[in-house]
Amino acid sequence: GIISASYHELEEPIDKIETHRPIHGVDLDLPRGVRVTVNRWAKHLDVLIAMRPQPGGQDGHCGNLNFDAKDDTLESISARMSLRVSAQDSLFPAASVDAAD
């Protein structure tokens, strides 16, 4: 399949401060080597996205994966791209989300 998902109890949480309670998580394996791990808590989620460099490059809120931290500041990223998620790309299409807010 294109996507595989597994729900299980984890040995270690994404947020190390949460080790005092059972850790329930979902691992999602997506196309292009993207893996998403989600820890579900009573009032919040912790999410970790891991991926290898994409063909043709990539850019986003975590930087551009060129190993130069100086161009991964909020100011540098906002000069390269919009920090607003378009309604077309949003998981919540009723409203756009501004990452700078």
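Relevant structure appears above.
Below or above, wherever it landed, is the structure these notes cover. (Residues numbered from 1 in each chain as written. Predicted model: local features only at pLDDT ≥ 70, side-chain atom pairs only at ≥ 80, totals over all residues. Heavy atoms only, no water.)

## Digging into the overall build of the protein
Note the cut-off: Numbered from the N terminus, helices here are DSSP runs of H or I no shorter than four residues, and strands are runs of E no shorter than two. When a residue's accessible area, from a 1.4 Å probe over protein chains only, is under 20% of the maximum for its type it is buried; when over 50% it is exposed; and in between it is partly exposed. Each accessible area is a Shrake-Rupley estimate made with a 1.4 Å probe; only the visible protein chains count as cover when residues are assessed.
Check the secondary structure of the protein and you find one helix and four strands. Seen in sequence order, the protein has helices and strands lined up from the N terminus as β-β-β-β-α. Looking at the protein residue by residue over its 101 residues, the buried ones come to 21%. Carbon and sulfur atoms provide 58% of the accessible area of the protein, an area that totals close to 7800 Å².

## What about a nonpolar patch on the surface?
Put simply, the test is: Residues with no salt bridge and a relative accessible area higher than 30% make up the patches, which join like charges within 9 Å and nonpolar side chains (Val, Leu, Ile, Met, Phe, Trp, Tyr) within 5 Å. Salt-bridge detection follows one rule: a side-chain nitrogen of Lys or Arg within 4 Å of a carboxyl oxygen of Asp or Glu.
On the surface, L45, V47, I49 and M51 cluster together into a nonpolar patch covering about 390 Å² of accessible area. We classify M51 as partly exposed; its relative accessible area is 39%.

## A few points about the pattern of salt bridges
This model, assessed by the stated rule, comprises two salt bridges. For R35, the salt bridge is made with D29, and the minimal N-O distance between the two is 2.8 Å. With a closest N to O distance of 2.6 Å, R80 and D59 form a salt bridge. Within this pair, whereas R80 is found in helix α1 (residues 74–80), its partner D59 is found in the loop between β4 (45–50) and α1, the two being separated by 21 residues in sequence. Residue R80 is classed as partly exposed on the basis of its relative accessible area, which comes to 35%. Residue classification places D59 among the partly exposed positions, given a relative accessible area of 33%.

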